[in-house]
Every structure is written in structure tokens, then in C-alpha cells.
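Secondary and tertiary structure notes
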Amino acid sequence: MSRKLPLAGGEIARTACARGLLRAGVEEKTGDLLSASALAGRVGWAADLVSGMVAALLAEHWNAADVDVLAAGEDAGGRGLPSHAWMALRRLGWSVGPAGGMRVNDRIVRIAQEAAGRTLRAAKWRADLTTAVIATWPADPAKRSPQEWDHVRAAVPGGEYLPSSVITGRTRQIAGFVKQHGRMPVNVFELEAAPRIARMLLLSACDGQQATLERADEPGRALLRLQLPTRPDPRSYKDWTWVACPVSLPPTVPAGAVLHLPTLRIHQGTVRADLAYTHAVPKAQRSGHVIALGVDWGLNTLLSAGAARLHSDATIAALGAGGMFRAAGVLAKQHRLRRLSEHLHAKADHYQRLIAENEQHALTARHQVLADELRHVSGRRSNLNDALARAAARWAVDQALAASATVIYVEDLRSMEARGMGRTMNTRLSQAVRGQIVDRMRHMAAEAGIAVVTVPARGTSRHCPQCLEVLRHRRAPDRPAIPGWKWAVCASCGWQGDRDQGAWRRIAARGLTHQAKTVIDRTSGAMAIRTVIDKLEAGAVITPAPKTRRTDRSKTGPTRRHPARPTPRRRRTPSPAGPSCPAGQRPEGHAHTDQGRLPRAAHRHQGVTTISTPISRHRPRGTALGAGFHLHAHTTPPRWAAPEPDTTSDMRSLS
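Computed from a predicted structure; not experimentally measured.

What counts and how
Every chain is numbered on its own, with residues counted from 1 as its sequence reads. Two thresholds apply to this predicted model, a pLDDT of at least 70 for residue-level local features and 80 or more for giving and counting side-chain atom pairs, whereas whole-chain, interface and lining totals are computed over all residues. With hydrogens and water stripped out, all remaining heavy atoms of the structure feed into the side-chain values. Each pair of strands is called paired provided DSSP finds at least two bridges between the two strands. Secondary structure elements are taken from DSSP: a helix is a run of H or I of four residues or more, a strand is a run of E of two residues or more, and numbering for both begins at the N terminus. Every angle, taken between N-to-C directions, lies between 0 and 180 degrees, and every axis is a line fitted to C-alpha atoms, over only the stretch in contact when it is a helix. Contact between two residues is taken to exist if any of their heavy atoms lie within 4.5 Å; hydrogens are not considered. Here, a salt bridge means any side-chain nitrogen of Lys or Arg that lies within 4 Å of a carboxyl oxygen of Asp or Glu. Per-residue accessibility, obtained with a 1.4 Å probe over protein chains only, is compared with the maximum for each type, and a residue is labelled buried under 20%, exposed over 50%, and partly exposed between these values. Here, nonpolar core refers to any group of buried Ala, Val, Leu, Ile, Met, Phe, Trp, Tyr and Cys residues whose side-chain atoms link them within 4.5 Å.

The next subject is the sheet that holds strand β16 (residues 472-474). Spatial ordering of the open sheet is given by β16-β17-β18, a layout of three strands whose pairing is antiparallel. Where the open sheet ends on each side, the last strands, each with one partner, are β16 and β18 (496-498). Across the sheet, the axes of successive neighbouring strands diverge by a mean angle of 35°, strand direction being ignored. Summarising the sheet, strand β17 (residues 487-489) and β18 pair through three bridges and their orientation is antiparallel. Bridging from a neighbouring strand, W487 pairs with D498 of β18. Together, β16, β17 and β18 form the strand contacts of helix α12 (residues 499-513), whose direction differs from that of β18 by roughly 95°.

In C-alpha cells, the structure reads:
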């Protein structure tokens, strides 16, 4: 199979990953069928051999000197190190082998060196950050002065645009070390132990002598061939045999995509395969956008989004009223799991203090039960956050597709810290999954060639989208008896509406006016607008829609004749035959035009024009009856499909 992907004009190669499952295998030499459990056992033996060698490499080279040598990119002779981690480690002479006289081929050693090299390279950034924070340690670790913030950002590589929450988190970690040991740590390698080794096989470090992956004749199928041990401690090469595993490709993998060797890992007794593939997608543009989708963050209203269009005269108009993604029910479940996790952690810590180092203590078994329950709750929280991020990102991208937008502007809240807003509000803000949503949004938007750009969030909810004056907050019209801050009124131009609805207008307008200032991160490829320019910000306003005048209906002449109206639909039930019919029965008349009762999941007390939290408290009926996640995520569907914009004429006039 050819590994070269043909690209047309305006396309770019994109590598993505899909999840697969190895359900069975066939041993090629004997033709024996391996069940899922037998296959998982043999893959697990290989993963154990690899993880043992990775642990040995990390234990030997988990220090500042070796990490600096690897990150420098040059060997002792001044030659540049290869980009592949396993090749770089071999150039430096960092070799490893299996323990106990076991025999493995060279490709298995490659997998171990690749995993260890990636881990050591990733530690370089954390080491530089920790060193910079220690060198510029503030007088009060809980609160830095503006001068101290400038010093630490100057010491950190790329610290000018680094979120303050990252520096604050590292400061708290160092402060905890100082409290426990009474001194400052030397570097990150004293602050953190070597990371835990995952049981997985990075087959991308191998070649055809260890593993191959080819598409099968049947569509949506592939065949993975790899060498696996026949015993947990192979003593010779005869203990390694070829196993053929059929793989069902997920429907997200295009038919013309180029497949790469997957990463195998054991999960609950099954073999999971992370299938990497490369396919062609439309190239997302950095600038030159006419229609943009603005996305604002919230708490009860997780996302508020709407589209805006940049006209040829540099004016910006909103397209429609926008929409909302509400996840109050999902967040309520998330907070319940968080409280349960905190309770279990406190109980487990108490047991650990009582047990101390006595492994024969009576509470040892109960402590193990608590540890298992903690892992289970952590898995539930992780799955819930992942599902929420995927649903929110899918909704935002669908809104952009419906409006024919070529860019999504999201406010950058990476530096937001939850302080001074009460215990409950601080916790809710800290538990938000904004980073996961943006990552998912970038992943899904890239399939359609839509750019995702972060913009500064300062003032987006505070100023009017039409005149940039400071807004005043009032009680919402649907909740006049309850004080609140969701409804905003501008005393200058008269605009009023939900503050989140005004925020997405400000975000979209700011992104469209500053799109020429968009920069692309070289490492991650993420697009961002980092600074706001006052001159451009003055034009980042939404032009109000013109008011339509009603037709003059004054009586100045004879009434104009209207065309004949169609006969209205009537009931099929005949009229009552006589006075013997039941009392109150209606004669034949117009048929009902209203719809029937909506399904239970549609009754959310939140219509498309709802602007604040529903009055009735959340009742998790769907959870009790097994309805699941989507009963608690209330979204505004895309309500229009905007016509294709004439980008040629608009951009010609702008240039």
C-alpha cells in the first residue's frame, strides 16, 4: 500500500486517530485461532517486557544532565540528533535490554527506547519552567506583584503568552515541597518522581520485520500482522510467532486514508488499538474570513454562539439570534461525582495514616477497596467530561457549518482563576472542561477546513456589542421576581439582551477585525489572536439591524380584493345526526392545527429564546430511567442555512 497521500489544490494532509478493537487473532504458523482473552494475554506479555525496559531507561536517565543532552539536539560529535526518539537514544549510546536472560528482537527494544525518549523529551519543558519559578521565587507565593510576574515570565521560555494558571500551579507544587521538607527543591527531577509507565506497544517505532498493517479486500477492514511472544519470559526467537489480527476500521476513517501502525494497549482484558491515519482535508486559512462564529463560555449556559458577517464596507452584522448549549444536568452529575471523590479521598488518606507502614493492619483490605472505588469514580468523571467536551464541540462546529462560517472565534480563558466568588462558584469554575472542548473543536473543525482561533476575553461580557459602552445588569424579563445579572442593558444605544448573547457578538466582531493579527503556534499549530489593538477594536461593533416599518393601513380608498383563500381543513367526523347525540359534542368544524404532546425528553422548560436558568430545579428523570447523557444537554439546533457568501467580491473590496 502506498504511504504517499495525493493532495489537490487547497488541501492539506492531516493525521488523526481512531479507536479500534482486536477481537481475535490467527497464529500464522499453526493456523490456531486465538480468542480475545488469549490475544490480550500475549499482547500483555509483550507490553510487560517493553514497560520493564522503559522503567530501566527512565531510572538511569531521569536527571537534568541527560535530559538537557537529549533536548540539545546534538550528539558528542556535534551532529544533529534524529527526530525519532529511539534513533536519538541509540546515537547517544543509551541502550537497554530485557532482564533475566529473556530474548527479544531489536524492534521490541526500539519500542522501549521510543517510549522512554518521548517521556524524557517531554520533561524538558517542565524542567525549564520549574527552574525559572525557583530562580524568581516571590516574597509571597500566594500572590505575586506585577514586577514579580514580569520577572518569572521573562525567565520562562515563551513565558510572555504562557497562561498564569500554569505558573501558579507550579508555584503551589513547589510551596508544598517546601512545607514538607523545609527547603527549596533543586529541580523538577527532585520535585517529581519518574512517571508511571503505561502498558502499551508503540508499533510506529517498528518496521515490517515486527508489524505490518494493510487494508483488506473487504471495505472497512484491515489486517494487522505482528510478532508476539508465546510465553511471558521468551528464551529464544522461537518463542516469538506471527499473529494475524483482523481490524474493523471505524466509519470515521476515510476510504482513501493512509493507515499507519497503531498503538496497542490492554483495557479491561481486551486489546485496544489506536489507529492513526492520514487523509486530505481543506486547508484552514489564517485570515480572509467573511463569516465567523463567536463562542462565549458560561456556567449553566456552557456555550453561547452565533454567526456574524463582515461586509465590504467594513461593517459587521449578526446573522440570526444565536444559540445556546446548556449542560446544567450534566454539570450537576459532575459535581456529585466530585463530592463523592473528595469523600473517598479523605477516607482513604485517613486509612493510610492509620495503617502507616504496617502491611498486616486490619484496615489494609478496606483501604484497597477504597482505592479501587476511587479509580472507578475517577473513570466515571473522565468519561463524563469527555462526553461533555465531545457534545459541546460537535454542537459548535454544527453551528458554524449551518452558517457557512470559515472560522470559529473562542475567547481565551486559560488564565482565568477561580478566586473570591464563593466556595461553590470557585469549585464550579475550576472543574470546567474548556480546554478539552477547544481541543475537540479544533479536531472536528479541521475536517471541514474551519479555523479555530482564540481571542482575548477581556471586556467581551462587559461592553455593549453595538457601541462598546459599559453594560448595566438587570433582572431577566422571564424572572422579574428574582435578582440576577444575566440580562444586560446599554444606556447609550438601547441594546439589551442576555449578556452571553452580547458576548459572542463581541467575540465574533473582535476576531473579524483582528484577523490579520492571527498567529500560528509552530509547535501545536493552534491559531490565536494574542493582543487587542485599540484602533481595530473601535471598529469591532455589530451594526444594529434596520427597523422594518409596518405597511400604512389608513383607509384612503376602497378595500383591495384578496385572492380566494383555500378551503380550510375540516374534521372527518360527520356532524351530529340529531338531538340524540351526547351533550357538548361539537359539530363538524376546523381541524386542529397544533401539534401533539412532545416527547418527554423535549420538555426542558427551555425554548430557543430562553435567556436564563429555568425556574424549576433540575430533576434527573432520564438518569433514573436510563435515558443517559443527552436528556441533560439542552441545545439550540441550527435554525437556518445561510447562503454561500460572495467572498470574492467582499475581499476584493476590502483589499
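The rest of the description comes next.
On to the pattern of salt bridges. Counting across every chain of the model gives 27 salt bridges. Residue D398 is joined to R394 by a salt bridge in which the shortest nitrogen-to-oxygen separation is 3.2 Å. Taken as a pair, D398 and R394 lie in helix α9 (residues 364-402) at a separation of four residues, close to a single helical turn. Take D398: its relative accessible area is 30%, and that puts it in the partly exposed class. Three or more residues joined by partner-sharing salt bridges are found here, namely R90, D106, R107, R110 and D207.

To continue, consider the sheet that holds strand β6 (residues 221-229). The strand order β3-β2-β7-β6-β5 describes an open sheet built from five strands, whose pairing is antiparallel. Taken across any chain shown, the strands that pair with only one partner, and hence form the sheet edges, are β3 (33-34) and β5 (211-215). Set on the sheet, helix α1 (residues 36-61) makes contact with β2 (25-27), β3, β6 and β7 (240-248); between it and β6 the angle comes to about 55°.

A few words now on the pairing of strand β9 (residues 263-267). Pairing between strand β4 (residues 200-202) and β9: three bridges, direction antiparallel. Bridge pairing links L201 to L264 in β9. As paired strands, β9 and strand β10 (residues 270-282) are joined by five bridges and run antiparallel to one another. Bridging across to β10, R265 finds its partner in R272. With antiparallel pairing between neighbouring strands as the criterion, β9 and β10 make up a hairpin whose turn holds two residues, including Q268 at a positive phi of roughly 55°.

The next thing to look at is the nonpolar core. Core analysis: the biggest nonpolar cluster contains 60 residues, and L203, L224 and L264 have the highest contact counts within it. In terms of residue count, the dominant contributor to this core is α1 (11 residues). Non-local contacts of L203, meaning those with residues more than four positions away in its chain, are made with I111, A211, L224, L226, L261, P262 and L264.

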